[in-house]
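# Structural features, examined
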Amino acid sequence: MSRWLVLFGKEWMEMTRSYKLLWVPLVFILFGAMQPVTTYFLPDILANAGNLPEGAVISIPLPTAEEVMAKTLEQFGTIGLLVIALSVMGAISAERTSGVTAIVLVKPISHLAYVSAKWAAMLALILIAFAGGFCAAWYYTAALFQGVAWQSSLIAYLLFALWLGFVGSLTLLFSALLRSGAAAAACALGIAAVLAVTASVFPKALAASPGMLPKAASAQFMDAASASHPWLAAAAALLVMAAVLAIAAWAVRRRPTLEA
Amino acid sequence: MAMQNEAVLATVEGISRSFGGTQAVKDISFTLGEGRCTALLGPNGAGKTTTIRMLTGLLVPTAGHIRFRGLKPGADQRAYIGYLPQIPAFHGWMTGAEFLRYAAGLCGIPKREAASRSAELLERVGIGGAGKRRIGGYSGGMKQRLGLAQALIHKPQLLILDEPVSALDPIGRREVMELLGELKRETTILFSTHVLHDAEELCDDVVIMRSGRVAVSGALNDIREGNREPVLLLGVEDTREAREKLGEWLTGLSDACVVAVEHSPGSSSARLYVRNLDEARRYVLRQLNERRLPVTKLEIGYTTLEDLFMKAVGQA
């Protein structure tokens, strides 16, 4: 356990020194705050854009607070995922390419500990960044529109954080399997997109797909009835994450360094 | 100095390793005696690094196995090994001292001890002053030293060093060689090199590799003794006449005491492997006199380890 903490401590220190712990949450907060603010001021923004003919009347129905929150989650589903994939993509492959694994993995540590420490650090980063973004969205929605019930918000937060963590785990897996970090990010984002699309096309058949998670999170702000069984998808996501850890540890053990 | 009955720390039994279609290491075997310093010697591309990586567990042999004393075959040997890669890489954002404490933590050394050991090792490898600087700003030689320090952090039973001095400047080389000389008294060392001189200076045993196989292995003294051949080195004036005369004499040479002649046509020097040095000396001197060869150099002695090394790794 103490060795795991050493590994985790190194990951944490690296996130601090590389300012990852600063810029990832900042991006999330920025996008979280922007969505309600731009939605609220959209008519003014359009009016001031200047390229509208004189006398044009803009009439945009003001969305409800719930709709704004759901829309914000959509933003996190694209830009948030991209930021996470980019910040995790080199976690293992970059260390392998640089050659530092030839030193670290010769020390008597378990390969699972090496991978899971990275995974835990990534999860911590996601939880912190998304909490910042979500709170910013929640605050501005409450200030400009209306308060949103905190119970459903909390569930939405957890479900969507799980989705982010799921995609982050996939990135980590591909970082262990592939040489290139960019390829790892692309693979993980590709799978996430396929899962999300298939889940929204076949919601019944794929009720247990982790791709249901972002939809289920948004649904917390809509009719509660439509989000019947997010727990199945959540359980599936957790299961896949556990498998991802095992496979990544196996990949690291099998190929600790690039053979040159 | 007889060390035959001493304990064997590790045994390499017929290991092979192939990458794709090419076999980098082919069925090699040797043992590492406890407290001995062994050099893995060979030209570039002989399979030294591959062999070393299999010993550290970073590579799995495609055939054969490695046994460590007190460990089941296939058990995790990493706790007993300290390893310096050929080109050590670190986290550039850490300081040297931080990296050593990190390495100590990975070996399960408690925090306080890790800190004192790190400081001590930084001093010992000669970069005490740079401990608080980021590794990103280190020179190649400093990284090599830091790599050595991290390999020593848990007082390993077996220290494995891949080309520890090849990348260093002459002064750094000397310092690290002296440090290795000290370490030799504390632990078992295996290091690879393509420089015979380094091996001769430090080692008790050598394993000479050539294209993936062991060409010669054993205790350095035994090898030196066992392969000592009397040899005469002969040089004549570098004129056409003298060279022709030398060639003539050598082709017509037939005496029981000369075993073999090494002479490339048209060259002004030759090497004669002989059976009995005394006899050969008398014979050759007489012949040189009779034939009035303009000798510039005549060296009478024994083959060196260098000759053996060149013979073992040469293409012949």
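Per an unreviewed UniProt entry, chain A goes by ABC transporter permease and derives from Paenibacillus montanisoli.

Here the focus is the overall build of chain B. Within chain B, the regular secondary structure consists of ten helices and 13 strands. Scaling as 2.2 N^0.38, a compact globule of 316 residues should have a C-alpha radius of gyration of about 20 Å, whereas chain B reaches 25 Å, well beyond that. Seen through its C-alpha atoms, chain B measures out along the principal axes to roughly 80 × 45 × 40 Å. For chain B, with 316 residues in total, the buried portion stands at 51%.

Further remarks concern the sheet that holds strand β1 (residues 8–19) of chain B. All names here are of chain B. On the basis of which strands lie adjacent, the open sheet formed by three strands has the order β2-β1-β4 and antiparallel pairing. Taken across any chain shown, the strands that pair with only one partner, and hence form the sheet edges, are β2 (22–33) and β4 (63–68). Averaged over all pairs of adjacent strands, the angle between their axes in this sheet comes to 15 degrees, without regard to strand direction. Examined bridge by bridge, β1 and β2 share eight bridges and lie antiparallel to one another. Paired with Phe19 across the strands is Thr22, a residue of β2.

Another point: helix α2 (residues 20–48) of chain A. Residues and elements named next belong to chain A. Given a rise of 1.5 Å per residue, 29 residues ought to cover 42 Å, yet the end C-alpha atoms of α2 are separated by just 36 Å, more than 12% below that figure. Its axis deflected by about 60 degrees at Leu42, α2 carries its strongest bend there, up to four residues before the proline Pro43. For α2, the complete set of buried residues consists of Val24, Pro25, Phe28, Gly32, Ala33, Gln35, Pro36 and Thr39. At its buried positions, α2 is contacted by α3 (65–88), α6 (111–144) and α7 (150–177).

Core analysis: the biggest nonpolar cluster contains 125 residues, and Phe28, Tyr114, Val115, Phe130 and Trp163 of chain A have the highest contact counts within it. At 15 residues, the largest contribution of residues to this core is made by α7 of chain A. The contact partners of Trp163 of chain A, leaving out residues within four places of it in the chain, are Leu81, Ala192, Leu195, Ala196, Pro210, Gly211, Leu213 and Pro214 of chain A. One finds Ala102 of chain A together with Val12, Val25 and Leu190 of chain B within the second-largest nonpolar core, a separate group that totals 27 residues.

Feature annotation in UniProt places "transmembrane region" (unreviewed entry) on residues 21–42, 76–94, 115–142, 154–174, 181–202 and 231–252 of chain A, given in this structure's numbering. Split by type, residues 21–42 of chain A is 100% helix and 0% strand. Its first and last C-alpha atoms lie 32 Å apart.

What holds strands together in a sheet is hydrogen bonding between their backbones, with the strands either parallel or antiparallel. Residue and element names in this part refer to chain B. In space, the six strands of this open sheet follow the order β5-β6-β7-β3-β8-β9, with mixed pairing throughout. The open sheet terminates on both sides in strands that have one partner only, identified here as β5 (81–84) and β9 (213–219). On average, adjacent strands in this sheet sit at an angle of 15 degrees to one another, irrespective of strand direction. Relative to strand β7 (residues 188–193), strand β3 (residues 37–41) runs parallel, the two sharing five bridges.

Residues and elements named next belong to chain A. Counted under the stated rule, the structure contains 15 aromatic pairs over all chains. Taking 5.4 Å as the distance between ring centres and 35 degrees as the angle between the ring planes, the aromatic pair formed by Phe130 and Phe160 counts as tilted. Pair noted here: Phe130 is in helix α6 and Phe160 is in helix α7, with a separation of 30 residues, a long-range link. Here Phe130 falls in the buried class, since its relative accessible area comes to 0%. Residue classification places Phe160 among the buried residues on the basis of a relative accessible area of 1%. A ring pair is formed by Tyr139 and Tyr140, whose centres lie 5.2 Å apart and whose planes are at 80 degrees; its orientation type is edge-to-face. For Tyr140, a relative accessible area of 33% gives the class partly exposed. Ring-pair connections join several aromatic residues into one group, and the members of that group are Phe28, Phe76, Phe130, Phe134, Tyr157 and Phe160.

Calculation notes
- Residues numbered from 1 in each chain as written.
- Chains lettered and ligands numbered in written order.
- Predicted model: local features only at pLDDT ≥ 70, side-chain atom pairs only at ≥ 80, totals over all residues.
- Heavy atoms only, no water.
- Helix = DSSP H or I, 4+ residues; strand = E, 2+ residues; numbered from the N terminus.
- Rg over C-alpha atoms; globule rule 2.2 N^0.38 Å.
- Buried < 20%, exposed > 50% of the residue type's maximum accessible area, 1.4 Å probe, protein only.
- Pairing = 2+ DSSP bridges.
- Axes fitted to C-alpha atoms, helices over the stretch in contact; angles between N-to-C directions.
- Expected span 1.5 Å × (residues − 1).
- Bend = angle between axes of the 7 residues up to and from the residue.
- Contact = heavy atoms within 4.5 Å.
- Core = buried A, V, L, I, M, F, W, Y, C linked by side-chain atoms within 4.5 Å.
- UniProt positions renumbered as here; feature names shortened; annotations may be inferred.
- Phe/Tyr/Trp six-rings, centres within 6.5 Å; stacked < 30°, edge-to-face > 60°.

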